[in-house]
Amino acid sequence: MVKVNQNYLKLPGSYLFSEVARRISAYSAAHPEAKITKLSIGDVTRPLVPAVIEAMHKAVDEMATYEGFHGYGPEQGYAFLREAIAQCDYAARGVDIKPEEIFVSDGAKSDCGNIGDIFGVDNVVAVCDPVYPVYVDTNAMAGRAGDFQEELGRWNKLVYMPCVESNGFSPEPPKEKADIIYLCFPNNPTGAMATREQLKVWVDYANANGSVILYDSAYEAFITGADIPHTIYEIEGARTCAIEFRSFSKTAGFTGNRCAYTVVPMELERDGASLNKMWNRRQCTKFNGVPYVVQRGAAAIYTPEGHAQIMESIDYYRQNATVIREGLTSAGFTCYGGVDAPYIWLKTPNGMGSWDFFDLVLDRANVATTPGAGFGPSGEGFVRLTAFGDAQATKEAVERVKSVI
């Protein structure tokens with residue numbers, strides 16, 4: 001008889017955002033008259049910018065000719081996109097990343113989960129708490145997390161690094177040795193940022209312990225502070241200890257187009273092996289590349305016109321974040337994030353539980369949030385709000401919450 005991966009059976013409940021969607025759907029069915037505004041899932045709402053649309057239309061026309069048709073592309077991504085990334089996202093900031101160190105993919109979520117393929121199951125994994133659930137769940141599926149402790153809301157083999165009010169939602173290196181360390185800045189879900197000094201501590205820790213930092217910078221385009229690094233490779237020593245994940249989803253509105261990339265430096269070796277070569281082998285075996293049309297659209301954001309257009313959209317979402325943060329703060333709520341990040345981390349009033357607050361706001365204000373408890377034990381007592389909605393709907397949602405809570 002076939003044997004299943006028993007690690008999947010250890011996973012508690014459903015994926016966080018699936019559970020949020022289920023509860024919203026159930027409420028809508030019971031209250032069909034309710035007009036629900038979703039400040040929960042981090043999905044974009046603005047259309048693709050003109051430069052991207054033009055590039056994709058042109059690419060589609062190419063595909064209709066014998067000369068311009070593209071079948072299987074390179075698993076690592078087309079040279080035109082990898083070169084644009086290397087120049088505009090890195091060289092322009094004084095960081096030397098070569099095209100061959102860049103791997104274009106169908107999403108940072110995919111890569112954050114799939115990167116575990118090149119690491120042994122006996123590695124000790126450290127995650128921030130609260131944390132983007134993909135980091136935890138995919139390691140649980142692989143067998144690195146151990147067993148889920150229901151009463152504690154945590155896995156017994158993972159190292160949890162608390163990100164709480166007292167430390168400014170910025171984790172500190174664990175006392176025990178961690179082999180794989182997940183960091184995300186600007187942070188999802190708290191919206192916290194990391195300074196150069198804070199990241200240098202992590203880079204030094206990783207190099208001293210032979211660890212690897214998995215650095216998720218999917219939201220770097222939202223950074224406004226001049227002293228905030230946009231990439232971990234701005235930190236000396238990072239090329240020998242860090243893998244970086246980037247995404248076009250929030251930067252260019254590609255949540256439905258699926259395009260991202262992962263950077264694995266040539267110098268990064270562990271156990272005598274090149275992680276760049278290992279990741280390349282993994283991608284060549286399990287992945288057939290991102291469609292040509294989508295990559296042409298992604299490359300268009302690196303033109304002067306495309307860059308200006310996507311920054312206009314990002315500014316739109318930044319303004320939404322300001323509306324949420326300032327509006328709810330003025331009503332007496334304690335809010336964090338929402339400055340260099342599209343997420344606001346709202347403290348529930350009077351010690352109310354995250355899911356209780358979720359239900360209360362959904363019922364009284366018809367506004368959907370994401371309960372902090374779903375991001376880990378330290379997320380209890382908070383909810384995450386997203387700035388990716390329509391501007392007018394966002395303003396109305398904030399007013400409805402202020403009027404009923």
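Up top you'll find the structure we're talking about.
Below is a short write-up of the structure. (Residues numbered from 1 in each chain as written. Predicted model: local features only at pLDDT ≥ 70, side-chain atom pairs only at ≥ 80, totals over all residues. Heavy atoms only, no water.)

This part takes up a nonpolar patch on the surface. Together, Val-4, Tyr-8 and Leu-9 make up a nonpolar patch on the protein surface, roughly 330 Å² of accessible area in all. Within the fold, Val-4 resides in the segment before helix 1 (6-9). (Patch = residues over 30% accessible without salt bridge, like charges linked within 9 Å, V, L, I, M, F, W, Y side chains within 5 Å. Areas by Shrake-Rupley, 256 points an atom, 1.4 Å probe, with all protein chains shown as cover. Salt bridge = Lys/Arg side-chain N within 4 Å of Asp/Glu carboxyl O. Helix = DSSP H or I, 4+ residues; strand = E, 2+ residues; numbered from the N terminus.)

An order of 13-14-17-16 is seen for the four strands of this open sheet, with the pairing classed as antiparallel. Both edges of this open sheet fall to strand 13 (334-337) and strand 16 (370-371), since each of them pairs with a single strand only. Note: strand 16 against strand 17 (residues 382-386), two bridges, orientation antiparallel. Residue Thr-370 lies in a different strand from strand 17, and its bridge partner there is Arg-384. (Pairing = 2+ DSSP bridges.)

A separate point is the sheet that holds strand 3 (residues 125-129). Pairing in this open sheet of seven strands is mixed, and the strands run 2-10-9-8-7-3-6 from one edge to the other. Two strands close off the open sheet at either side, each with one partner strand: strand 2 (102-105) and strand 6 (159-162). Ignoring strand direction, the axes of neighbouring strands in this sheet form an average angle of 20°. Note that strand 3 and strand 7 (residues 180-184) share two bridges and pair parallel. (Axes fitted to C-alpha atoms, helices over the stretch in contact; angles between N-to-C directions.)

The interhelical angle for the contact between helix 3 (residues 50-63) and helix 10 (residues 292-299), taken along N-to-C directions, is 150°, at an axis separation of 8 Å. Compared by their axis directions, helix 3 and helix 10 come out roughly antiparallel. When you trace helix 3 past helix 10, the crossing you get is right-handed. Of the residues in helix 10, those touching helix 3 at Val-52, Ala-55, Met-56, Ala-59, Val-60, Glu-62 and Met-63 are Tyr-292, Val-293, Val-294, Arg-296 and Gly-297. Across the contact of helix 3 with helix 10, the residue classes break down as nine nonpolar, one polar and two charged. (Parallel < 35°, antiparallel > 145°, perpendicular 65-115°, else oblique. Left-handed = near helix turned anticlockwise from the far one by under 90°. Contact = heavy atoms within 4.5 Å. Nonpolar A, V, L, I, M, F, W, Y, C, P; charged D, E, K, R; others polar.)

With that settled, the discussion passes to the state of the cysteines. Here the structure, examined in full by the defined rule, presents zero disulfides. Counting only cysteine sulfurs, Cys-112 is the nearest neighbor of Cys-184, a cysteine outside any disulfide, at a range of 7.9 Å. Here Cys-241 stays unpaired: no disulfide links it, and the sulfur of Cys-128, its closest cysteine neighbor, is 15 Å away. Judged by relative accessible area, which is 0%, Cys-241 ranks as buried. (Disulfide = S-S within 2.5 Å. Buried < 20%, exposed > 50% of the residue type's maximum accessible area, 1.4 Å probe, protein only.)

At the junction of Asp-129 and Pro-130, the peptide bond is cis and its omega measures out at 10° in the coordinates. In this structure, Pro-130 sits in the loop between strand 3 and helix 6 (133-142). Residues Phe-185 and Pro-186 are joined by a peptide bond in cis, for which omega reads -10°. Take Pro-186: it is sitting in the loop between strand 7 and helix 7 (196-209). One non-glycine residue with positive phi stands out, namely Phe-169, at about 60°. Among the structural elements, Phe-169 can be located in the loop between strand 6 and strand 7. With relative accessibility at 5%, the residue Phe-169 sits in the buried group.

A few words now on the pattern of salt bridges. Under the definition given, this model contains 19 salt bridges. Two residues, Asp-204 and Lys-200, come together in a salt bridge whose shortest N-O distance is 2.6 Å. Pair noted here: Asp-204 and Lys-200 are both in helix 7, with a separation of four residues, about one helical turn. Overall, Lys-200 belongs to the partly exposed group, its relative accessible area being 29%. Note that Glu-267 is salt-bridged to Arg-239, the shortest N-O span being 2.5 Å. In this pair, Glu-267 is assigned in the loop between strand 10 (260-263) and strand 11 (269-270) and Arg-239 in the loop between strand 8 (212-216) and strand 9 (242-247), connecting sequence segments 28 residues apart.

Here helix 7 is 14 residues long and its end C-alpha atoms lie 20 Å apart, about the 20 Å a rise of 1.5 Å per residue gives. Burial in helix 7 covers these residues: Leu-199, Trp-202, Val-203, Tyr-205 and Ala-206. Burial along helix 7 is one-sided: seen end-on, the buried residues are contained in an arc of 160°. Within helix 7, the exposed residues directed more than 90 degrees away from the buried face are Glu-197 and Ala-208. Residues of helix 7 that are buried make contact with strand 6, strand 7, strand 8 and strand 11. Just beyond helix 7, the residue with positive phi is Gly-210, at close to 70°. (Expected span 1.5 Å × (residues − 1). Arc of directions from axis to C-beta.)

Our next topic: the environment of Pro-189. By the secondary structure assignment, Pro-189 is in the loop between strand 7 and helix 7. Ignoring any residue separated from it by four or fewer positions in sequence, one finds Pro-189 in contact with Pro-130, Val-131, Tyr-343, Trp-345, Phe-375 and Arg-384.

Turning our attention to the pairing of strand 3. Of all five residues in strand 3, five are buried; the element is thus mostly enclosed. Taking every second residue as pointing to the same face, both faces of strand 3 are buried, with Val-125, Val-127 and Asp-129 on one and Ala-126 and Cys-128 on the other. The sheet contact formed by strand 3 and strand 6 spans four bridges and is parallel. Counterpart to Val-127 in the pairing with strand 6 is Tyr-160.

Everything listed here is a matter of coordinates, which is why it stays silent on function.
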